[in-house]
Amino acid sequence: MAADAAETWRNCFRQWPAELERRGVLVTNFNEQILFNNFSTSDDMLLIERQAPDTVGARLVLVAYRNIDALKIVDVVKMKAFQSMGFVVPVRAK
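Residues numbered from 1 in each chain as written. Predicted model: local features only at pLDDT ≥ 70, side-chain atom pairs only at ≥ 80, totals over all residues. Heavy atoms only, no water.

### Here we look at the nonpolar core
The following threshold applies: Only buried residues count toward a nonpolar core. Its members are Ala, Val, Leu, Ile, Met, Phe, Trp, Tyr and Cys residues joined through side-chain atoms within 4.5 Å. Only protein chains enter the accessibility calculation, which uses a 1.4 Å probe. A residue is then buried if its area is under 20% of the maximum for its type, exposed if over 50%, and partly exposed in between. Only DSSP runs of H or I covering at least 4 residues are called helices, and only runs of E covering at least 2 are called strands; the numbering of each starts at the N terminus. By the convention used here, residues are in contact when the closest approach between their heavy atoms is within 4.5 Å.
With 19 residues, the main nonpolar core has F13, W16, L26, F36, L46, I48 and I68 as its most contacted residues. Contributions of two or more residues to this core are made by α1 (2–14), β2 (33–41), β3 (45–50), β4 (60–64) and β5 (68–72). Setting aside anything within four residues of it in sequence, one finds L46 in contact with F13, L26, F39, S40, T41, V61, L62, V63, Y65 and I68.

This is the structure in structure tokens:
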């Protein structure tokens, strides 16, 4: 199951909506929440740029996709923007 989750996260970041700023809060499975304002992807890892350095001065963080638990979006955005990630907005019954 971990490999499936890793692939899901990789696809999420690679299919990031064009209208959404490349920022948010990454929640890891080692209980860290990382506020970021940019990212790059590779096949196995996500490279995120912190908005501000952490307590030891680190500004860039490499995280394996399998270590990602959640992603928090900090911008106001319409749900329709996430269709590029594979999300479907249900049609309301009339």
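### Comments concerning the pattern of salt bridges
Note the threshold: When a carboxyl oxygen of Asp or Glu lies within 4 Å of a side-chain nitrogen of Lys or Arg, that pair is called a salt bridge.
Taken as a whole, this structure holds four salt bridges when the rule is applied. Ionic pairing is found between D75 and R23, a salt bridge with its closest N-O pair at 2.7 Å. A residue pair is termed long-range when its members are at least 10 positions apart, and D75 in the segment after β5 and R23 in the loop between α1 and β1 (24–28) qualify at 52 residues. When the shortest N-O distance is used, the salt bridge between E32 and R50 registers 2.8 Å. In this pair, E32 sits in the loop between β1 and β2 while R50 sits in strand β3, placing the two residues 18 residues apart along the sequence. By relative accessible area, which is 27% here, E32 ends up partly exposed. Beyond isolated ion pairs, a larger network of salt bridges with shared partners links E32, R50 and D54.

### Comments concerning the sheet that holds β3
The condition that has to hold: The criterion for strand pairing is that DSSP finds at least two bridges linking the strands in question. Each axis is a line fitted through C-alpha atoms, and for a helix only the stretch in contact is used; angles between axes span 0 to 180 degrees, taken between their N-to-C directions.
Read from one edge to the other, the open sheet built from five strands follows the order β4-β3-β2-β1-β5, with strand pairing classed as antiparallel. Here the strands that pair on one side only, and so sit at the sheet edges, are β4 and β5. Shown here is a sheet whose adjacent strand axes are inclined to one another by a mean of 45°, direction ignored. Of the strand pairs in this sheet, β1 and β2 are connected by four bridges, and their pairing is antiparallel. Within β2, the residue paired with V25 across the bridge is L35.

### Quick look at the packing of aromatic side chains
The condition is simple: The pairing test for Phe, Tyr and Trp rings, Trp by its six-membered ring, is centres within 6.5 Å, and the orientation test on the planes gives stacked under 30 degrees, edge-to-face over 60, and tilted for anything in between. Counting as a charge over the ring demands two things of the Lys NZ or Arg CZ atom: a distance within 6 Å of the ring centre and an angle within 35 degrees of the ring normal.
Inspection of every chain in the model, using the stated rule, returns six aromatic pairs. Seen in terms of ring centroids, F36 and F39 are 6.1 Å apart; in terms of plane orientation they differ by 80°. Their pairing is edge-to-face. Taken individually, F36 and F39 each receive the classification buried, so the pair is uniform in this respect. An aromatic cluster is built from W9, F13, W16, F36 and F39, whose rings are joined through pairwise contacts. The lysine or arginine in question, R22, covers the ring of F39, its NZ or CZ lying 3.9 Å from the ring centre.

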